[in-house]
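# Working through the structure, step by step
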Amino acid sequence: MGDIRRRSVVVLGVTGLVAPLALALTAAPAQAATNCTTQAGPYQKQVEKFLGRPVDGRQSAADCKAIKAFQDRNGITPDIGYAGPVTWGVMDLINQQRAVGKNPGKDGKCPVNKGRIACVNLTLQLSWIQDGRKLVYGPVPVRTGRKGYTTRTGLKKIYWRDLHHVSTLYNVPMPYSQFFDGGQAFHSVGLSMWNPPGSHGCVNMTTKDAQKYWSLLRTGDDVFVYGRKPGT
């Protein structure tokens, strides 16, 4: 994230990786990351079920290949096909996100008396736009701040938008930036939404979703952030 001199705000940074669950890696079998482990992990059955594999709790070459492919897609390391807590944590969060369906506001936490508002549920790593009780867009998976750089909760307003923003701290692009709390903003990243460990505070989105947010939101629109990202 870059500092926004016109507002005298020092940006806290964002383009780091975001994780849905900040779980510490436990020791996995000592093998090169390019290899596939033959050992079953502590979440073998859960991971097999998630991936549509035969659920027997035993590691097979096909199991390892499927797990490793999931890890590679989502930036989970070590990517050796081990069914450990980080891999299962990501899958479990995806299951929770899917269970929300098209009713992300059913918990009643995001205000319905503000008109158009962007909601961010840190616990489920989901965001959506609503107008009163009407769902306008989403919910979509997002990546929020890691431990030590948590996305701050509360009611905010979008105060500055920059389509082609570039971080002056990290010298990286932050397309479709919409700042709502100091240096914390919605913006797109070119990585998986489940890539550990988390951002430096921003709400990272896919390019498609960031573009949609850009088209739907305006300066002055409300943003409500609530919950707590696991592990922060």
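In case you missed it, the structure is sitting above this.
Now for a description of the structure that goes with this document. (Residues numbered from 1 in each chain as written. Predicted model: local features only at pLDDT ≥ 70, side-chain atom pairs only at ≥ 80, totals over all residues. Heavy atoms only, no water.)

### Some details on the packing of aromatic side chains
- Within the structure shown, the criterion is met by seven aromatic pairs.
- Considering the side-chain rings of Tyr 137 and Tyr 213, the 6.2 Å spacing of their centres and the 80° angle between planes classify their relative orientation as edge-to-face. With Tyr 137 in strand 3 (residues 134–141) and Tyr 213 in helix 4 (residues 207–216), this pair connects stretches of sequence that are 76 residues apart.
- We classify Tyr 213 as buried; its relative accessible area is 0%.
- Taking the centre distance of 5.2 Å and the plane angle of 65° together, the rings of Phe 186 and Tyr 213 count as edge-to-face. You can see Phe 186 sitting in strand 7 (residues 184–188) and its partner Tyr 213 sitting in helix 4, a full 27 residues away along the chain.
- Taken together through their ring pairs, the aromatic side chains of Tyr 137, Phe 180, Phe 186 and Tyr 213 make up a single cluster. (Phe/Tyr/Trp six-rings, centres within 6.5 Å; stacked < 30°, edge-to-face > 60°. Helix = DSSP H or I, 4+ residues; strand = E, 2+ residues; numbered from the N terminus. Buried < 20%, exposed > 50% of the residue type's maximum accessible area, 1.4 Å probe, protein only.)

### Side note on the sheet that holds strand 5 (residues 160–166)
- Pairing in this open sheet of four strands is mixed, and the strands run 5-6-7-8 from one edge to the other. Both outer strands of the open sheet, strand 5 and strand 8 (203–205), are each paired with one neighbouring strand and no more. Direction aside, neighbouring strands of the sheet carry axes that sit 20° apart on average.
- As defined by bridge partners, strand 7 adjoins strand 8 across three bridges and the pair is classed as parallel. Counterpart to Ser 188 in the pairing with strand 8 is Met 205. (Pairing = 2+ DSSP bridges. Axes fitted to C-alpha atoms, helices over the stretch in contact; angles between N-to-C directions.)

### Comments concerning the nonpolar core
- One finds Phe 186 and Tyr 213 to be the most contacted residues of the largest nonpolar core, which totals 20 residues.
- If you tally residues by element for this core, the top one is helix 4, at four residues.
- Among residues more than four places away in sequence, those in contact with Phe 186 are Ala 118, Val 120, Ser 127, Tyr 176, Ser 177, Gln 178, Phe 180, Val 203, Met 205, Tyr 213, Leu 217 and Val 223.
- If you look at the next biggest cluster of nonpolar residues, it comprises 15 residues, including Val 47, Ile 76, Trp 88 and Trp 194. (Core = buried A, V, L, I, M, F, W, Y, C linked by side-chain atoms within 4.5 Å. Contact = heavy atoms within 4.5 Å.)

### Quick notes on the packing of helix 2 (residues 61–74) against helix 3 (residues 85–100)
- Between helix 2 and helix 3, the shortest axis-to-axis distance is 11 Å and the interhelical angle comes to 75°. In terms of orientation, helix 2 and helix 3 fall into the roughly perpendicular class. In this structure, helix 2 uses Ile 67, Phe 70 and Gln 71 to contact helix 3, whose residues at the interface are Thr 87, Val 90, Met 91 and Ile 94. (Parallel < 35°, antiparallel > 145°, perpendicular 65-115°, else oblique.)

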